[in-house]
Amino acid sequence: MSGKLIVCPTPIGNLEDITLRVLSALRNADVVACEDTRRTGVLLERYGVQATLLPYHEHNERERAADLVERMRAGLVVALVSDAGMPLVSDPGYVLVQGCVAAGLEVEVLPGPSAALAALVASALPSDAWRFAGFLPRKRSALVAAFGSPETLVAFESPKRVAASLAVLAELDPPRPVAVCRELTKLHEEVVRGDAASLAERYAGDEPRGEVVLVVGGAPPRTGVDDAAVDAVRCLVAAGAKPRVAAGVVADLTGSPANALYAAAATG
(Lines give C-alpha, C1' and ligand atoms only; values in the text may rest on other atoms or scores of the structure.)
Protein backbone atom coordinates (compact mmCIF):
# COMPACT_ATOMS: atom_id res chain seq x y z
CA MET A 1 0.00 0.00 0.00
CA SER A 2 1.40 3.41 -0.97
CA GLY A 3 2.24 6.00 1.62
CA LYS A 4 1.73 9.73 1.24
CA LEU A 5 3.24 13.15 1.72
CA ILE A 6 1.85 15.56 4.33
CA VAL A 7 2.94 19.18 3.89
CA CYS A 8 3.10 20.76 7.35
CA PRO A 9 3.40 24.53 7.92
CA THR A 10 5.28 25.52 11.07
CA PRO A 11 5.35 28.70 13.19
CA ILE A 12 6.98 31.78 11.66
CA GLY A 13 8.12 33.03 15.05
CA ASN A 14 5.78 32.16 17.90
CA LEU A 15 5.94 28.42 18.62
CA GLU A 16 2.41 28.51 20.00
CA ASP A 17 1.10 28.98 16.45
CA ILE A 18 1.55 25.28 15.64
CA THR A 19 -1.76 23.56 14.88
CA LEU A 20 -3.07 20.37 16.47
CA ARG A 21 -3.30 18.70 13.06
CA VAL A 22 0.35 19.45 12.29
CA LEU A 23 1.46 18.07 15.66
CA SER A 24 -0.55 14.91 15.02
CA ALA A 25 0.96 14.52 11.56
CA LEU A 26 4.50 14.96 12.89
CA ARG A 27 3.90 12.40 15.64
CA ASN A 28 2.47 9.80 13.29
CA ALA A 29 4.77 10.25 10.28
CA ASP A 30 7.39 7.63 9.59
CA VAL A 31 9.83 10.32 8.49
CA VAL A 32 9.94 14.10 8.88
CA ALA A 33 11.79 15.82 6.05
CA CYS A 34 13.02 19.17 7.33
CA GLU A 35 15.16 22.07 6.19
CA ASP A 36 17.25 22.19 9.38
CA THR A 37 17.13 19.24 11.79
CA ARG A 38 18.30 21.41 14.70
CA ARG A 39 15.60 24.03 14.22
CA THR A 40 12.86 21.45 13.71
CA GLY A 41 14.21 19.56 16.71
CA VAL A 42 13.56 22.58 18.94
CA LEU A 43 9.93 22.67 17.82
CA LEU A 44 9.43 18.94 18.32
CA GLU A 45 11.07 18.99 21.74
CA ARG A 46 8.75 21.82 22.82
CA TYR A 47 5.75 19.55 22.22
CA GLY A 48 7.28 16.22 23.17
CA VAL A 49 7.20 14.81 19.64
CA GLN A 50 9.54 11.94 18.82
CA ALA A 51 10.33 11.67 15.12
CA THR A 52 12.89 10.48 12.61
CA LEU A 53 14.33 13.59 10.96
CA LEU A 54 15.93 13.72 7.52
CA PRO A 55 17.58 16.87 6.12
CA TYR A 56 15.77 18.18 3.05
CA HIS A 57 17.09 21.52 1.78
CA GLU A 58 18.04 23.39 -1.38
CA HIS A 59 21.42 21.68 -1.61
CA ASN A 60 20.15 18.08 -1.55
CA GLU A 61 16.56 18.57 -2.73
CA ARG A 62 16.63 16.54 -5.94
CA GLU A 63 18.56 13.60 -4.53
CA ARG A 64 16.53 13.51 -1.31
CA ALA A 65 13.21 13.89 -3.14
CA ALA A 66 13.86 10.75 -5.19
CA ASP A 67 14.71 8.83 -2.02
CA LEU A 68 11.58 10.03 -0.22
CA VAL A 69 9.34 9.16 -3.16
CA GLU A 70 10.69 5.60 -3.06
CA ARG A 71 10.00 5.42 0.68
CA MET A 72 6.42 6.55 0.11
CA ARG A 73 5.99 4.02 -2.67
CA ALA A 74 6.98 1.41 -0.10
CA GLY A 75 4.19 2.58 2.20
CA LEU A 76 5.82 5.17 4.45
CA VAL A 77 4.19 8.46 5.43
CA VAL A 78 6.47 11.50 5.05
CA ALA A 79 5.83 14.85 6.72
CA LEU A 80 7.49 17.84 5.07
CA VAL A 81 8.37 20.98 7.04
CA SER A 82 10.54 24.02 6.41
CA ASP A 83 12.22 26.22 8.99
CA ALA A 84 9.17 28.48 9.21
CA GLY A 85 5.85 28.88 7.46
CA MET A 86 4.49 26.88 4.54
CA PRO A 87 6.95 24.64 2.65
CA LEU A 88 7.39 25.54 -1.05
CA VAL A 89 6.62 29.24 -0.40
CA SER A 90 10.16 30.59 -0.89
CA ASP A 91 11.30 27.34 0.77
CA PRO A 92 12.24 23.82 -0.42
CA GLY A 93 9.55 21.30 -1.31
CA TYR A 94 8.54 21.91 -4.91
CA VAL A 95 10.66 19.07 -6.28
CA LEU A 96 9.24 16.61 -3.75
CA VAL A 97 5.62 17.57 -4.40
CA GLN A 98 6.23 17.30 -8.15
CA GLY A 99 7.80 13.88 -7.65
CA CYS A 100 4.85 12.67 -5.60
CA VAL A 101 2.32 13.86 -8.18
CA ALA A 102 4.30 12.21 -10.99
CA ALA A 103 4.40 8.96 -9.01
CA GLY A 104 0.68 9.03 -8.29
CA LEU A 105 1.19 9.48 -4.54
CA GLU A 106 -1.24 11.37 -2.32
CA VAL A 107 -0.21 14.87 -1.24
CA GLU A 108 -2.05 16.32 1.76
CA VAL A 109 -1.51 19.99 2.62
CA LEU A 110 -2.35 21.22 6.11
CA PRO A 111 -3.23 24.89 6.73
CA GLY A 112 -1.16 27.00 9.07
CA PRO A 113 1.13 30.01 9.58
CA SER A 114 2.16 32.12 6.60
CA ALA A 115 4.14 35.34 6.78
CA ALA A 116 2.78 36.43 3.40
CA LEU A 117 -0.85 36.10 4.42
CA ALA A 118 -0.32 37.65 7.85
CA ALA A 119 1.40 40.65 6.27
CA LEU A 120 -1.28 41.05 3.61
CA VAL A 121 -4.05 41.22 6.21
CA ALA A 122 -2.05 43.47 8.55
CA SER A 123 -1.22 45.89 5.73
CA ALA A 124 -4.83 47.09 5.41
CA LEU A 125 -4.31 47.11 1.63
CA PRO A 126 -6.73 45.49 -0.85
CA SER A 127 -6.68 41.71 -0.57
CA ASP A 128 -9.24 40.77 -3.22
CA ALA A 129 -6.50 40.61 -5.86
CA TRP A 130 -2.85 40.22 -4.88
CA ARG A 131 0.33 38.49 -5.94
CA PHE A 132 3.26 37.02 -4.06
CA ALA A 133 6.69 37.75 -5.53
CA GLY A 134 8.92 35.75 -3.18
CA PHE A 135 12.03 37.83 -2.53
CA LEU A 136 12.14 41.11 -4.44
CA PRO A 137 14.66 41.15 -7.31
CA ARG A 138 17.87 43.12 -6.87
CA LYS A 139 18.16 44.30 -10.47
CA ARG A 140 16.52 47.68 -10.83
CA SER A 141 14.67 46.89 -14.06
CA ALA A 142 13.16 43.74 -12.55
CA LEU A 143 12.27 45.63 -9.38
CA VAL A 144 10.55 48.36 -11.38
CA ALA A 145 8.58 45.70 -13.26
CA ALA A 146 7.49 44.09 -9.98
CA PHE A 147 6.24 47.43 -8.68
CA GLY A 148 4.20 47.80 -11.86
CA SER A 149 1.78 45.07 -10.74
CA PRO A 150 -1.83 46.32 -10.73
CA GLU A 151 -2.57 44.00 -7.80
CA THR A 152 -1.36 44.36 -4.22
CA LEU A 153 2.19 43.02 -4.10
CA VAL A 154 3.46 40.90 -1.20
CA ALA A 155 7.18 40.14 -1.08
CA PHE A 156 9.98 39.20 1.26
CA GLU A 157 12.90 41.60 1.49
CA SER A 158 16.27 41.64 3.21
CA PRO A 159 16.46 44.29 5.95
CA LYS A 160 19.59 45.60 4.26
CA ARG A 161 17.69 46.29 1.03
CA VAL A 162 14.43 47.72 2.37
CA ALA A 163 15.61 51.33 2.04
CA ALA A 164 16.91 50.84 -1.51
CA SER A 165 13.74 49.11 -2.70
CA LEU A 166 11.50 51.75 -1.17
CA ALA A 167 13.64 54.47 -2.76
CA VAL A 168 13.00 52.97 -6.21
CA LEU A 169 9.27 52.82 -5.52
CA ALA A 170 9.28 56.40 -4.24
CA GLU A 171 10.87 57.53 -7.52
CA LEU A 172 8.21 55.72 -9.54
CA ASP A 173 5.15 56.59 -7.48
CA PRO A 174 5.67 58.65 -4.30
CA PRO A 175 2.10 58.35 -2.95
CA ARG A 176 1.87 54.55 -3.43
CA PRO A 177 0.64 52.93 -0.16
CA VAL A 178 3.09 50.54 1.49
CA ALA A 179 3.27 48.46 4.66
CA VAL A 180 6.60 47.32 6.13
CA CYS A 181 5.83 44.27 8.26
CA ARG A 182 8.66 43.23 10.55
CA GLU A 183 9.17 40.25 12.89
CA LEU A 184 5.59 39.01 12.48
CA THR A 185 4.25 36.98 15.45
CA LYS A 186 7.43 37.68 17.42
CA LEU A 187 8.03 39.82 20.51
CA HIS A 188 9.06 42.90 18.50
CA GLU A 189 6.42 42.63 15.78
CA GLU A 190 5.90 45.91 13.95
CA VAL A 191 3.74 47.04 11.04
CA VAL A 192 4.53 50.49 9.63
CA ARG A 193 2.06 51.86 7.07
CA GLY A 194 2.51 54.92 4.89
CA ASP A 195 3.25 56.13 1.39
CA ALA A 196 6.37 55.18 -0.54
CA ALA A 197 7.98 58.60 -0.20
CA SER A 198 7.64 58.85 3.58
CA LEU A 199 8.69 55.26 4.24
CA ALA A 200 11.69 55.57 1.91
CA GLU A 201 12.78 58.59 3.94
CA ARG A 202 12.15 56.82 7.23
CA TYR A 203 14.23 53.76 6.42
CA ALA A 204 17.00 55.60 4.55
CA GLY A 205 18.89 56.07 7.79
CA ASP A 206 17.21 53.46 9.96
CA GLU A 207 17.71 49.90 8.72
CA PRO A 208 14.99 47.62 10.13
CA ARG A 209 15.98 44.56 12.12
CA GLY A 210 14.69 41.04 11.69
CA GLU A 211 12.62 39.46 8.96
CA VAL A 212 10.67 41.82 6.72
CA VAL A 213 7.65 41.44 4.46
CA LEU A 214 6.78 44.36 2.18
CA VAL A 215 3.21 44.87 1.05
CA VAL A 216 2.78 47.39 -1.77
CA GLY A 217 -0.48 48.75 -3.13
CA GLY A 218 -1.22 48.02 -6.76
CA ALA A 219 0.06 50.35 -9.44
CA PRO A 220 -2.58 52.88 -10.54
CA PRO A 221 -4.04 52.49 -14.04
CA ARG A 222 -2.37 54.48 -16.78
CA THR A 223 -4.84 57.29 -17.21
CA GLY A 224 -4.12 60.14 -19.60
CA VAL A 225 -0.89 58.56 -20.87
CA ASP A 226 -0.62 58.22 -24.62
CA ASP A 227 1.41 55.29 -25.98
CA ALA A 228 3.20 57.63 -28.38
CA ALA A 229 4.21 59.86 -25.47
CA VAL A 230 5.58 56.87 -23.59
CA ASP A 231 7.53 55.80 -26.67
CA ALA A 232 8.94 59.32 -26.92
CA VAL A 233 10.23 59.12 -23.35
CA ARG A 234 11.89 55.80 -24.10
CA CYS A 235 13.51 57.20 -27.22
CA LEU A 236 14.96 60.12 -25.27
CA VAL A 237 16.27 57.76 -22.60
CA ALA A 238 17.81 55.52 -25.26
CA ALA A 239 19.53 58.62 -26.66
CA GLY A 240 21.09 59.31 -23.29
CA ALA A 241 18.59 61.49 -21.42
CA LYS A 242 17.86 60.81 -17.77
CA PRO A 243 14.41 59.18 -17.34
CA ARG A 244 13.04 61.94 -15.10
CA VAL A 245 14.22 64.67 -17.46
CA ALA A 246 12.84 62.84 -20.49
CA ALA A 247 9.45 62.36 -18.80
CA GLY A 248 9.36 66.05 -17.89
CA VAL A 249 10.13 67.20 -21.42
CA VAL A 250 7.47 64.98 -22.98
CA ALA A 251 4.98 65.99 -20.30
CA ASP A 252 5.50 69.65 -21.17
CA LEU A 253 4.93 68.92 -24.85
CA THR A 254 1.91 66.60 -24.51
CA GLY A 255 0.23 67.58 -21.27
CA SER A 256 0.54 64.03 -19.92
CA PRO A 257 1.42 63.63 -16.22
CA ALA A 258 5.20 63.40 -15.86
CA ASN A 259 5.04 60.79 -13.08
CA ALA A 260 2.71 58.60 -15.14
CA LEU A 261 4.99 58.89 -18.17
CA TYR A 262 8.03 58.01 -16.08
CA ALA A 263 6.33 54.96 -14.55
CA ALA A 264 4.88 53.77 -17.86
CA ALA A 265 8.21 54.08 -19.66
CA ALA A 266 10.01 52.23 -16.87
CA THR A 267 7.56 49.34 -16.59
CA GLY A 268 6.67 48.80 -20.22
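Here's what I pulled together on the structure shown here. (Residues numbered from 1 in each chain as written. Predicted model: local features only at pLDDT ≥ 70, side-chain atom pairs only at ≥ 80, totals over all residues. Heavy atoms only, no water.)

## Comments concerning unusual backbone geometry
Unlike most non-glycine residues, Ser-90 shows phi in positive territory, near 60°. Following the sequence through the fold, Ser-90 ends up in the loop between β4 (77–81) and α4 (94–102). A relative accessible area of 34% means that Ser-90 is categorised as partly exposed. For Glu-183, which is not glycine, the phi torsion reads 55° and is therefore positive. Among the secondary structure elements, Glu-183 is positioned in the loop between β8 (177–182) and β9 (190–195). (Helix = DSSP H or I, 4+ residues; strand = E, 2+ residues; numbered from the N terminus. Buried < 20%, exposed > 50% of the residue type's maximum accessible area, 1.4 Å probe, protein only.)

## Things to note about the sheet that holds strand β5 (residues 106–109)
Strands sit in the order β3-β2-β4-β1-β5 across an open sheet of five strands; the sheet is parallel. Pairing within the sheet leaves two strands with one partner each, and these edge strands are β3 (53–55) and β5. Going from strand to strand, the sheet's axes swing by 25° on average, the running direction of each strand aside. As judged from the three bridges shared by strand β2 (residues 31–34) and β3, these two strands associate in the parallel manner. The partner of Ala-33 across the bridge, within β3, is Leu-54. In this fold helix α2 (residues 37–46) packs onto β2, β3 and β4, with an angle of close to 155° to the strand it touches most, β3. The sheet contacts of α4 involve β1 (4–7), β4 and β5, and relative to β1 the element is tilted by about 145°. (Pairing = 2+ DSSP bridges. Axes fitted to C-alpha atoms, helices over the stretch in contact; angles between N-to-C directions. Contact = heavy atoms within 4.5 Å.)

## Things to note about the nonpolar core
Within the largest apolar cluster, 35 residues are counted, with the highest numbers of intra-cluster contacts made by Phe-147, Leu-166, Val-178, Val-180 and Leu-261. The biggest single contributor to this core is helix α7 (residues 162–172), with six residues. Residues contacting Leu-166, with those up to four places away along its chain left out, are Val-178, Val-180, Ala-196, Leu-199, Ala-200 and Tyr-203. Judged by nonpolar contacts, the second largest core, of 17 residues, contains Tyr-56, Met-72, Val-95 and Leu-96. (Core = buried A, V, L, I, M, F, W, Y, C linked by side-chain atoms within 4.5 Å.)

## Things to note about the packing of helix α3 (residues 61–73) against α4
For any two helices packed against each other, one specifies the inter-axial angle together with the distance between the axes. Where α3 meets α4, the closest approach of the two axes is 9 Å, and the angle between their N-to-C directions is 35°. Relative to α4, α3 is oriented so that their crossing is right-handed. Taking contact as the criterion, the partners of Glu-61, Arg-62, Ala-65, Leu-68, Val-69 and Met-72 in α3 are, on α4, Tyr-94, Val-95, Leu-96, Gly-99 and Cys-100. Here the contact of α3 with α4 is composed, by residue class, of eight nonpolar, one polar and two charged. (Left-handed = near helix turned anticlockwise from the far one by under 90°. Nonpolar A, V, L, I, M, F, W, Y, C, P; charged D, E, K, R; others polar.)

## Some thoughts on α3
The periodicity of an α-helix, 3.6 residues per turn, causes residues three or four positions apart to be oriented the same way. The terminal C-alpha atoms of α3 lie 18 Å apart, and with 13 residues this matches the ideal 18 Å at 1.5 Å per residue to within 8%. Residues of α3 that are buried: Glu-61, Arg-64, Ala-65, Leu-68, Val-69 and Met-72. The buried residues of α3 occupy an angular sector of 140° when projected down its axis, which confines them to one face. Each element contacted by the buried residues of α3 is listed here: β1, β2, β3, β4 and α4. Gly-75 sits one or two residues past α3 and shows a positive phi near 110°. (Expected span 1.5 Å × (residues − 1). Arc of directions from axis to C-beta.)

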